[in-house]
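Here are the chains, one letter per residue:
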Amino acid sequence: MVLAPMAGITNAPFRVLCREQGAGLFVCEMITTRGLVERNPKTMRMIRFDDSERPRSIQLYGVDPDIVGRAVRMIAEEGLADHVDLNFGCPVPKVTRRGGGSALPYKRGLLRRILRAAVANAGALPVTMKMRKGIDDDHLTYLDAGRIAAEEGVAAIALHARTARQHYGGVADWAAIARLKEAVPEIPVLGNGDIWCADDALRMVAETGCDGVVVGRGCLGRPWLFKDLENAFNGSPERVRPTLGEVAGMMIRHAEGLAGCFDIERYAVADFRKHVGWYLKGFTVGAPLRRELATAESLDGLREGLAKLEHDQPWPPHTDTPRGKSGERSKVLLPDGWLDDPWDGAVPQDAESEVSGG
Ligand SMILES: Cc1cc2nc3c(=O)[nH]c(=O)nc-3n(C[C@H](O)[C@H](O)[C@H](O)COP(=O)(O)O)c2cc1C
């Protein structure tokens, strides 16, 4: 099982909480290859791991085979991680309009050059890739991209079974995961999209034949989901159903971890705000207290609010439902002429310059 890379979410404090629940891969936030090779201070901070984290997975975003190769070599030579994942799934307009993320696999030649450079520079480190089905239903790329990845020695492929156009809307097309598995039987295929509970993971494996699952939004405010997944894959029906008091304990540990990571407590507590609603999803908590928790300005303020929760309130029913981002896009922004030649290997210009988050 894999914790999906999520920008702004899967930093070390959150990964540690998820990793305690079971064995798997817990991938860091997306890092730009340029930020890494230039040793941008923010990027270097983002690839810090907790001492307890093994194996360490870094996800890279890059469009230039030369820079991707240098970034991967730096990770391998300096022992910065144990596994490198390459991002070809980002649907954000500022990324796709420059030819990066989910736009890139359309250029089969360029994709091949990037994968080749990554694998050639990785030494013993496994290189995996994460992608979407394609740009939209008329421009599907995942089967070609899967074959290219297999030919270039990629260790595993994760498929988020949506197109870039779908963004996070609609329902993930698990049949595409099954088709990819058939197309590249020689390497592991990891299925991704709409796993909201452990039974969804079992169903995805049964329906698609995938070799593993990648879980994103389902674990927001719910690190325990990884324990459920481990139980489910081990054939146990046991599921973790924390009381509100136990949830509060996890919330404060999460916020304290962020405080250690951000150095400035106020920033950490502000960053934690987005997690509050996810942790409390389904519980009966009045609007004033929710507001107090979501606007706390210090760890003590957060602790005071959490102390007011009804600690013995049981885990609510019906929480295995979508959480986090949703919604479609009307169109995918692409560079001019991007769709003209799918086999082109040219590197798009400035595709890394505007990508935030390292
Ligand atoms: C807030 C957020 C940030 C994300 N950031 C990344 C990222 O940096 N790299 C990536 O490959 N996918 C990213 N994703 C996509 C997820 O990894 C995953 O593919 C997607 O959420 C579908 O899986 P799910 O249905 O389990 O959430 C992000 C998703 C969310 C919700």
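This text gives an overview of the structure that appears in the document. (Residues numbered from 1 in each chain as written. Predicted model: local features only at pLDDT ≥ 70, side-chain atom pairs only at ≥ 80, totals over all residues. Heavy atoms only, no water.)

A short note on the environment of V63
Relative to the assigned elements, V63 resides in the loop between β3 (57–61) and α4 (65–77). For the pair V63 and A81, spaced 18 residues apart in the sequence, the C-alpha separation amounts to 20 Å. The residues contacting V63, other than those within four sequence positions of it, are V68, G99, G100, L104, L110, I114, V347, P348, A351 and E352. (Helix = DSSP H or I, 4+ residues; strand = E, 2+ residues; numbered from the N terminus. Contact = heavy atoms within 4.5 Å.)

Describing the sheet that holds strand β7 (residues 189–192)
Spatial strand order, β1-β2-β3-β4-β5-β6-β7-β8: 8 strands in a closed barrel with parallel pairing. In the sheet, strand β1 (residues 2–3) pairs with strand β2 (residues 25–32) via 2 bridges, with the strands oriented parallel. Bridging across to β2, L3 finds its partner in F26. Where helix α7 (residues 142–151) meets the sheet, it contacts β5 (127–134) and β6 (156–163), and its direction lies at approximately 165 degrees from that of β5. (Pairing = 2+ DSSP bridges. Axes fitted to C-alpha atoms, helices over the stretch in contact; angles between N-to-C directions.)

Side note on the site of the ligand
Contacts to the ligand come from 17 residues, most closely from Q59, K130, N192, D194 and R217. Taking Y168, its side chain carries an N or O atom lying 3.5 Å from a nitrogen atom of the ligand. Protein contact buries 93% of the 610 Å² of open area that the ligand shows by itself. (Near = heavy atom within 4 Å. Polar contact = N/O pair within 3.5 Å; in protein donor to acceptor, adjacent residues only side chain to side chain. Areas by Shrake-Rupley, 256 points an atom, 1.4 Å probe, with all protein chains shown as cover.)

Points about unusual backbone geometry
In this structure, the amide linkage connecting R54 to the following residue, P55, adopts the cis form with an omega of -10 degrees. Considering the arrangement of structural elements, one finds P55 in the loop between α3 (41–46) and β3. Although it is not a glycine, D194 adopts a positive phi angle of roughly 70 degrees. The residue D194 is located in the loop between β7 and α9 (198–208) in this model. Judged by relative accessible area, D194 falls into the buried class, the value being 12%. (Buried < 20%, exposed > 50% of the residue type's maximum accessible area, 1.4 Å probe, protein only.)

What about the side chain of N11?
Mapping N11 onto the fold places it in the loop between β1 and α1 (12–19). If near-sequence neighbours (up to four positions away) are discounted, N11 is found in contact with E29, L258, F262 and D271.

On their own, these measurements won't tell you what the molecule is for.
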